Amino acid sequence: MHPAASVILFTTASGVGYGILSLAPLLVAFGILPDEDRWLGGALMLPALGLVTVGLLSSTFHLGHPERAWRALSQWKSSWLSREGVMAILSYPPTLAYTYAWVSLGSVDGPWVWAGFATVLTALGMMFTTGMIYRSLKPVPAWATDWTVTGYLTLGPLTGLAVIIAIASGFGLHPVRFQAVAIVFVLAAAIAKNAYWARLQAAWDDHAQNAGAAIASPGNTVRSIEWPHTEANYVLKEMGYGVARKHAEKLRRITRNLLLVAPAIVFCLLPSLLPLPYLIWAVIPGAVLTLAGVAIERWLFFAEAKHVVSLYYGVE
Amino acid sequence: MTCLPDETTRKLGLVIDLDTCVGCQACVTNCKEWNTGGHMAPLTDTNPYGAEADGVWFNRVHSYEVTTPEGSSRSLHFPRSCLHCEDAACVTVCPTGASYKRTSDGIVLVDEGKCIGCKLCSWACPYGAREYDVFEGVMKKCTLCVDRIYNENLDQEDRVPACVLTCPTGARHYGDLNDPQSDVSRLVRKRGGRDLMQEMGYKPTNQYLPQREKTNVASSVNQSPALAPLDDTYGASGLLGWVDRMLERMD
Ligand code: SF4
Ligand code: SF4
Ligand code: SF4
């Protein structure tokens with residue numbers, strides 16, 4: 001599948017943003033983040049709001065008719081893309097309310113706790129609906145698995161947490177506070193991504209075996225001898241992207257190292273070993289590496305997913 | 001609404017005979033010709049006379065070499081256009097309501113006035129039947145020539161899809177696949193018509209008739225004798241043999 005830059009930007013930026021939003025109120029509720037520090041609140045919630053907003057706007061860049069984007073809210077009964085749009089709108093009121101309480105009032109007690117819960121739920125809802133858009137596309141066997149959704153639900157919080165830790169360390173909070181949470185999400189993301197990759201090739205082969213049956217009759221083999229067009233058409237440009245497949249193994253290794261190994265070292269291991277002033281110089285680059293990792297992962301997510309229409313073009 | 005109808009009164013669609021199709025591309029051409037002035041008009045082309053020509057087409061014909069387990073091989077021409085699926089996920093994924101399936105006849109259409117050009121429907125189609133128009137910023141697809149089949153300005157016999165009308169070998173058939181007594185339904189029963197990529201579960205309306213079994217398989221298994229080279233007069237007798245011998249003698 002062709003990885004449109006705007007889609008990579010959208011999923012990376014909004015993944016980090018909703019990741020922060022899905023965790024910050026919980027971390028406050030459990031006393032890991034202090035709500036009395038308004039500046040910290042601003043330093044976490046405002047970038048998160050900015051990222052999700054930039055992400056949403058960039059997702060409309062690749063539309064043929066951005067001015068009609070409001071129509072995409074109408075078909076939530078059948079379309080996960082529409083549900084994602086509705087969820088994006090629903091997430092703003094609680095998120096803005098919670099941000100207001102934390103930044104202006106310096107307290108998120110009482111009714112604001114509910115705004116916090118709603119912030120967490122709608123942020124998780126966003127990751128879930130995004131994952132479901134891809135999960136429900138049967139013609140892309142790599143995506144048609146629950147591991148796609150699990151990937152979105154774990155990578156968002158993992159990258160969000162990386163940013164939270166980096167920012168909080170600047171406010172004098174030792175990353176060891178987040179150690180347990182970091183271990184949970186690094187492990188969860190590792191399981192989700194590796195499980196996703198483990199079935200990817202087999203899922204494709206299941207369909208590729210049927211190429212003969214799809215075109216001629218079952219049992220026959222087919223060889224494409226002439227395409228319907230001499231130049232690449234829309235279908236090939238959009239769904240026949242092949243650049244990453246050749247390097248898939250290498251790219252996966254890079255992704256694993258940046259997205260899983262780096263956070264494991266920086267956020268799970270080092271906090272037990274180093275005092276704060278030194279740690280800042282580890283967690284900030286650590287967060288940058290994690291974000292670079294997720295951007296490559298999002299690109300690879302598209303680039304290594306094959307669409308069954310390519311069987312008609314003789315792709316194996 | 002992008003929810004699919006529980007059932008449609010009729011199931012209009014095509015039956016494509018892979019045994020008869022010769023890959024002449026006439027249906028491709030007439031589809032483009034009709035539809036670039038029809039319901040989804042225009043079918044824009046990018047750089048049509050230069051390098052990297054591209055454009056919107058609703059119907060594409062592939063060619064394959066098919067080999068049976070016995071090793072017998074032959075060519076197969078394969079028209080690929082929208083199959084107006086019963087379980088058309090291209091419709092349900094559409095966030096705007098631009099894509100819809102008609103309850104009256106099952107035709108799957110795009111309302112260009114509502115389409116935002118998100119392209120998700122084209123990803124959801126296993127058959128690559130939808131093509132995006134970069135100029136208009138909207139998705140386009142086969143309309144089953146909805147503007148022909150109900151067109152009262154046309155003579156009755158012309159109220160069939162352009163691709164069907166034009167096919168010189170009669171490889172494309174059009175009719176109601178919901179009616180067990182229709183010509184197309186009978187044809188499907190008789191020739192073992194089948195769903196394309198059944199495992200996808202889209203329940204396509206269009207049916208493909210497989211190539212007929214070869215009657216003389218043995219002779220076609222990789223033993224077609226190579227033609228003798230043209231300048232080799234081996235075996236020439238009679239007048240030609242005499243001419244050959246005479247010419248041999250000349251220097
Ligand atoms: S062939 Fe593709 S575009 Fe046509 S109805 Fe089926 S899924 Fe939709
Ligand atoms: S491209 Fe248009 S028709 Fe297709 S899913 Fe998007 S809005 Fe619907
Ligand atoms: S039915 Fe009409 S629009 Fe569809 S492929 Fe045939 S000619 Fe083209």
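The structure presented is a predicted model; accordingly, all values stated were derived computationally and were not measured.

A.B. asks: What am I meant to see in the interface of chain B and chain A here?
C.D. replies: Interface extent is often summarised as the accessible area lost during association of the parts. Between chain B and chain A, the residue contacts involve 57 residues of the former and 56 residues of the latter. Of the roughly 4700 Å² buried between chain B and chain A on both sides combined, carbon and sulfur atoms contribute 58%. Among the residues chain B hides against chain A, the three largest losses belong to Y64(B), I116(B) and W123(B). Together they make up 16% of the total. Between the two partners, chain B and chain A, sit two salt bridges. For R223(A), the salt bridge is made with E65(B), and the minimal N-O distance between the two is 3.0 Å.

A.B. asks: Is there a simple way to explain the sheet that holds strand β11 (residues 207-209) of chain B in this structure?
C.D. replies: Residue and element names in this part refer to chain B. As summarised here, the arrangement of the three strands in space is β10-β1-β11, forming an open sheet in which the pairing is mixed. Each edge of the sheet is formed by a strand with only one pairing partner; in this case those strands are β10 (172-176) and β11. Within this sheet the neighbouring strands show an average axis-to-axis angle of 25°, counted without direction. Judged from the three bridges that link them, strand β1 (residues 12-17) and β11 form a sheet pairing that is parallel. For I16, the partnering residue across the bridge sits in β11 and is Y208. Its contacts with the sheet place helix α6 (residues 183-191) against β1, β10 and β11, and it is angled at close to 120° to β10.

A.B. asks: Can you walk me through the sheet that holds strand β5 (residues 73-81) of chain B in this structure?
C.D. replies: Backbone hydrogen bonds hold the strands of a sheet together, and the pairing may be parallel or antiparallel. One open sheet accounts for three strands, arranged β1(A)-β4(B)-β5(B); its pairing is antiparallel. Single-partner strands in this sheet number two, and they are β1 (221-226) of chain A together with β5 of chain B. Sheet twist, expressed as the mean angle between neighbouring strand axes with direction ignored, is 35°. Judged from the nine bridges that link them, strand β4 (residues 59-67) of chain B and β5(B) form a sheet pairing that is antiparallel. Its bridge partner being in β5(B), V61(B) is matched across the sheet by P79(B).

A.B. asks: Can you help me understand the site of ligand 2 in this one?
C.D. replies: What surrounds ligand 2 is the set C94(B), P95(B), T96(B), A98(B), S99(B), C115(B), I116(B), G117(B), C118(B), K119(B), C121(B) and M139(B). Looking at side-chain class alone, the shell around ligand 2 contains eight nonpolar, three polar and one charged residues.

A.B. asks: Is there a simple way to explain the packing of helix α2 (residues 38-61) of chain A against helix α3 (residues 80-105) of chain A in this structure?
C.D. replies: Axis angle and axis distance: for two packed helices, these are the angle between their axes and the distance between the axes, and together they describe the pair. Residue and element names in this part refer to chain A. Two elements in contact, α2 and α3, have axes whose closest approach is 8 Å; the angle formed by their N-to-C orientations is 160°. Considering their axes alone, α2 and α3 lie roughly antiparallel with respect to each other. Crossing of α2 over α3 shows left-handed handedness. Contacts from R38, G41, G42, L44, M45, L46, L49, V52, T53 and L56 in α2 reach A88, Y92, T95, L96, Y98, T99, W102, V103, S104 and L105 in α3.

A.B. asks: Just checking my understanding: could you explain the nonpolar core for this structure?
C.D. replies: In globular proteins that are soluble, nonpolar side chains generally tend to be buried together. Judged by nonpolar contacts, the single largest core of 89 residues is most densely connected at Y134(A), W143(A), F302(A), Y312(A), F78(B), W123(B) and Y127(B). Among the elements that make up this core, the one with the highest residue count is helix α6 (residues 179-208) of chain A (five residues). Excluding residues within four positions of it along the chain, Y134(A) makes contact with V7(A), T11(A), W143(A), T148(A), Y152(A), F301(A), F302(A) and W123(B). The next biggest cluster of nonpolar side chains, apart from the first, holds 54 residues, and it includes Y18(A), M45(A), F185(A) and A287(A).

A.B. asks: Help me out: how do you make sense of the site of ligand 1 in this one?
C.D. replies: Around ligand 1, a shell composed of C82(B), L83(B), H84(B), C85(B), A88(B), C90(B), V108(B), C125(B), Y127(B), R130(B), K141(B) and Y202(B) is seen. Residues of the shell around ligand 1, tallied by class, amount to nine nonpolar, one polar and two charged.

A.B. asks: Even after reading the chapter, I still don't get the environment of A89(B), so can you show me in this structure?
C.D. replies: Note on placement: A89(B) falls in helix α2 (residues 89-92). Residue A89(B) is classed as buried on the basis of its relative accessible area of 16%.

A.B. asks: Help me out: how do you make sense of the packing of aromatic side chains in this one?
C.D. replies: In this description, a pair of aromatic rings is defined by centroid distance and the angle of the planes. Residues and elements named next belong to chain A. Counted by the stated rule, this structure contains 21 aromatic pairs over all chains. Centroid distance Y134 to F301: 5.4 Å. Interplanar angle 90°. Geometry classified as edge-to-face. Residue Y134 is found in helix α4 (residues 112-135), and its partner F301 is found in helix α11 (residues 276-303); the two are separated by 167 residues along the sequence. The two residues Y134 and F301 agree in class, both being buried. Between Y134 and F302, the ring centres sit 5.6 Å apart and the planes meet at 90°, which makes this aromatic pair edge-to-face. Taken together, the residues span a long stretch of sequence, with Y134 in helix α4 and F302 in helix α11 at a distance of 168 residues. F302 matches Y134 in its accessibility class, with the two residues each being buried.

A.B. asks: Please explain the pairing of strand β9 (residues 138-141) of chain B as it appears in this structure.
C.D. replies: A regular strand places its side chains on the two faces of the sheet in alternate fashion. Residue and element names in this part refer to chain B. Because side chains alternate across β9, one face comprises the buried residues V138 and K140, and the other comprises M139 and K141, equally buried. Across four bridges, strand β8 (residues 130-133) lies against β9 in antiparallel orientation. Within β9, the position partnered with Y132 by the bridge is M139. Between β8 and the antiparallel strand that follows it, β9, lie four residues; G137 among them carries a positive phi value of about 70°.

A.B. asks: When you look at unusual backbone geometry in this model, what are you seeing that I'm missing?
C.D. replies: Where the residue is not glycine, phi is negative for most of them; where a peptide bond is considered, it is trans in most cases. Residues and elements named next belong to chain B. The linkage connecting A41 with the following residue, P42, adopts the cis geometry, with an omega of -5°. The topology assignment puts P42 in the loop between α1 (26-35) and β2 (45-46). Although it is not a glycine, K119 sits at a positive phi angle of roughly 75°. In this structure, K119 sits in the loop between β7 (108-110) and α3 (120-124).

A.B. asks: Mind showing me how you'd approach the side chain of N233(A) here?
C.D. replies: With respect to the helices and strands, the residue N233(A) is situated in the loop between β1 and α8 (234-239). Not counting residues within four places of it along the chain, the set of residues in contact with N233(A) comprises Y313(A), D54(B), R60(B) and E131(B).

Conventions used here
Residues numbered from 1 in each chain as written. Chains lettered and ligands numbered in written order. Predicted model: local features only at pLDDT ≥ 70, side-chain atom pairs only at ≥ 80, totals over all residues. Heavy atoms only, no water. Contact = heavy atoms within 4.5 Å. Buried area = accessible area lost by both parts, 1.4 Å probe. Salt bridge = Lys/Arg side-chain N within 4 Å of Asp/Glu carboxyl O. Pairing = 2+ DSSP bridges. Helix = DSSP H or I, 4+ residues; strand = E, 2+ residues; numbered from the N terminus. Axes fitted to C-alpha atoms, helices over the stretch in contact; angles between N-to-C directions. Near = heavy atom within 4 Å. Nonpolar A, V, L, I, M, F, W, Y, C, P; charged D, E, K, R; others polar. Parallel < 35°, antiparallel > 145°, perpendicular 65-115°, else oblique. Left-handed = near helix turned anticlockwise from the far one by under 90°. Core = buried A, V, L, I, M, F, W, Y, C linked by side-chain atoms within 4.5 Å. Buried < 20%, exposed > 50% of the residue type's maximum accessible area, 1.4 Å probe, protein only. Phe/Tyr/Trp six-rings, centres within 6.5 Å; stacked < 30°, edge-to-face > 60°.

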